[in-house]
Amino acid sequence: MILIDGKITSGDIKDEIAIEVAKLKEQGGRAPHLAAILVGDDGASQTYVNAKVKACEKVGFESTLVRFSAETSEDELLAKIEEMNNDNGLDGFIVQLPLPNHINEHKVTVSINPDKDVDGFHPTNLGKMLLGQETFLPATPYGIMEMLKRYQIETSGKHAVVIGRSHIVGSPMSVLMGQKGIDCTVTLTHSRTKNLPEITKTADIVVVANGIPEFLTGNMVKDGVVVIDVGITRVEDKTKKSGFKLLGDVNFAEVSKKASHITPVPGGVGPMTIAMLMKNTLLSRKRRG
Ligand code: GUN
């Protein structure tokens, strides 16, 4: 069994980005600049945004973190987005999800200028992805594609099963796995899928992104399967200093016995997501000249 190490791979990608940024600066160019908007004080979201800011420092980007209280109105948030859309010193920005219930997520997503949408969530960018055009790919699926490439996982003609159909992971993942050059036969499964174990047992590659801790068990996969675990759920654990442990959507102890390759949680997909956000921001900086 080979562990697909997202920590090492994302470190390699960030090193590559840092070299490009250093070159840009040497030539008198300005550093790429990424901003993040965080609304409310959800613990996990704060952790993710802090990690994004830290990654910016590591690769030599400028970063800005804008924090709003949970009571902030939709109009206030939209006004900030408009300001960022028009800020020429900014190459890209993200609004960390989830948002408080009184704010319409779709309205927020479509208000972001697609040319600064480094999360790749805007319908324009998702549409370009569907057409196979160059665009900002959503960071988590983009990170998974990069891991498969760097670990030289054979994809052509393979059966890829995606579990979960979220807009930010499962759905785009199913599109990318079927694209020309990757050439998987893709099955997109979800909570209404019948006989899921019968389907996953025929999979060469399984991407699990349904947010149910330890959902994929050993009896659901065949020997030699490649398993990508997108889940990261905080589960109470009094033995930990933080009071919680992180669980993926895969029962690692069982599935790792059968898998040829598998991602751990933590240290798998998570760090890759951040590295690909940096890559999208660098792309935006280059596009803007
Ligand atoms: N929440 C969970 N994943 C993501 C992500 O990739 N981007 C943003 N903005 N919010 C998220």
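The present account deals with the structure reproduced in this document. (Residues numbered from 1 in each chain as written. Predicted model: local features only at pLDDT ≥ 70, side-chain atom pairs only at ≥ 80, totals over all residues. Heavy atoms only, no water.)

### What to know about a nonpolar patch on the surface
Put simply, the test is: Patch building starts from residues that exceed 30% relative accessible area and form no salt bridge, then joins like charges within 9 Å and nonpolar side chains (Val, Leu, Ile, Met, Phe, Trp, Tyr) within 5 Å. Per-residue and other accessible areas were derived by the Shrake-Rupley procedure at a 1.4 Å probe size, with only the shown protein chains allowed to occlude residues. Salt bridges are defined as contacts in which a side-chain nitrogen from Lys or Arg sits within 4 Å of a carboxyl oxygen from Asp or Glu. When a residue's accessible area, from a 1.4 Å probe over protein chains only, is under 20% of the maximum for its type it is buried; when over 50% it is exposed; and in between it is partly exposed.
Together, Met 1, Leu 3 and Phe 252 make up an exposed nonpolar region whose accessible area comes to about 270 Å². Judged by its relative accessible area of 55%, Met 1 is exposed.

### Some thoughts on the site of the ligand
Keep this limit in mind: Working definition: residue near molecule or strand if any one of its non-hydrogen atoms lies within 4 Å of it. Here a polar contact means two N or O atoms within 3.5 Å. Within protein one must be a hydrogen donor candidate and the other an acceptor candidate, and residues neighboring in sequence count only if both atoms are side-chain atoms.
Every residue near the ligand is listed here: Lys 52, Val 95, Gln 96, Leu 97, Asp 119, Phe 121 and Ile 168. Interatomic distance of 3.3 Å between a side-chain N/O atom of Gln 96 and a nitrogen atom of the ligand. Take Leu 97: an N or O atom from its main chain is 3.0 Å from a nitrogen atom of the ligand. Relative to its free-state accessible area of 280 Å², the ligand is covered by the protein chains to the extent of 83%.

### Some details on the nonpolar core
Stated formally: To qualify as a nonpolar core, a set must consist of buried Ala, Val, Leu, Ile, Met, Phe, Trp, Tyr and Cys residues joined through side-chain atoms within 4.5 Å. Secondary structure elements are defined from DSSP: runs of H or I of at least 4 residues count as helices, runs of E of at least 2 residues count as strands, and each element is numbered from the N terminus. Contacts between residues were defined by any pair of non-hydrogen atoms, one from each residue, lying within 4.5 Å.
Grouped together as the largest cluster of nonpolar side chains are 46 residues, with contacts concentrated most on Ile 17, Phe 61, Ile 144, Met 177, Ile 205, Val 207 and Met 278. Counting residues per element, this core draws most heavily on helix α10 (residues 269-287), which supplies eight residues. If we ignore the near neighbours within four places in the chain, the residues touching Ile 144 are Met 173, Val 207, Ile 228, Val 230 and Val 269. Within the second largest apolar cluster, 17 residues are counted, among which are Ile 37, Phe 68, Ile 112 and Phe 121.

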